[in-house]
Amino acid sequence: MTRKPALLLQVVDVGSITISDDPTEGAILRFTTEGEPNDLELKVPALAVARLQARLLEADAQQANM
């Protein structure tokens, strides 16, 4: 499977995280960028939020074992 090109932005901080009261809607993640005219805002569906949470937990556990 070929990988599509990715847009690379230098994120310097998390601006905000808004999670919907409706669990089927997901979340909006806003990141502060540096050297860009705009910040980055991602609308993430609920399934992707769950996958992101799982991967962050895995990464945290791996880091704790180092």
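Cut-off values and rules
Residues numbered from 1 in each chain as written. Predicted model: local features only at pLDDT ≥ 70, side-chain atom pairs only at ≥ 80, totals over all residues. Heavy atoms only, no water. Salt bridge = Lys/Arg side-chain N within 4 Å of Asp/Glu carboxyl O. Helix = DSSP H or I, 4+ residues; strand = E, 2+ residues; numbered from the N terminus. Buried < 20%, exposed > 50% of the residue type's maximum accessible area, 1.4 Å probe, protein only. Pairing = 2+ DSSP bridges. Core = buried A, V, L, I, M, F, W, Y, C linked by side-chain atoms within 4.5 Å. Contact = heavy atoms within 4.5 Å. Axes fitted to C-alpha atoms, helices over the stretch in contact; angles between N-to-C directions.

Chemist: Got a minute to help me understand the pattern of salt bridges in this structure?
Modeler: Think of it this way: side chains of opposite charge can pair up when their charged atoms draw near. Enumeration according to the criterion identifies two salt bridges in this entry. Here Arg 30 ties to Glu 41 by a salt bridge, and the two come within 3.0 Å at their closest N and O atoms. Here the residue Arg 30 occupies a position in strand β2 (residues 27-33), and Glu 41 occupies one in strand β3 (residues 40-44), the gap between them amounting to eleven residues. For Arg 30, a relative accessible area of 33% translates into the label partly exposed.

Chemist: How should the pairing of β2 be read in this particular structure?
Modeler: Side-chain positions along a regular strand alternate between the two faces of the sheet. Burial of β2 is one-sided: the residues Ala 27, Leu 29, Phe 31 and Thr 33 facing one way are buried, the residues Ile 28, Arg 30 and Thr 32 facing the other way are not. With seven bridges connecting them, strand β1 (residues 11-19) and β2 associate as antiparallel partners. Pairing of Val 14 across the sheet is with Phe 31, part of β2. By the bridge criterion, five bridges tie β2 to β3 in an arrangement that is antiparallel. The residue of β3 that forms the bridge with Arg 30 is Glu 41.

Chemist: Teacher, can you tell me more about the nonpolar core here?
Modeler: Soluble globular proteins: nonpolar side chains tend toward being buried together. Counting five residues, the largest nonpolar core consists of Ala 27, Leu 29, Phe 31, Val 44 and Val 49. Per element, the largest residue contribution to this core is three residues, and it comes from β2. For Ala 27, the residues in contact, after removing those within four places along its chain, are Thr 18, Ile 19, Leu 42, Lys 43, Val 44 and Val 49.

Chemist: Could you clarify how one ought to interpret the sheet that holds β2 in this entry?
Modeler: Sheets are built from strands that pair by backbone hydrogen bonding, the pairs being arranged parallel or antiparallel. Strand order in the open sheet formed by three strands is β1-β2-β3, with antiparallel pairing between adjacent strands. At either end of the open sheet lies a strand with only one pairing partner, and these are β1 and β3. Mean inter-strand twist for the sheet, computed between neighbouring axes without regard to direction, equals 20 degrees.

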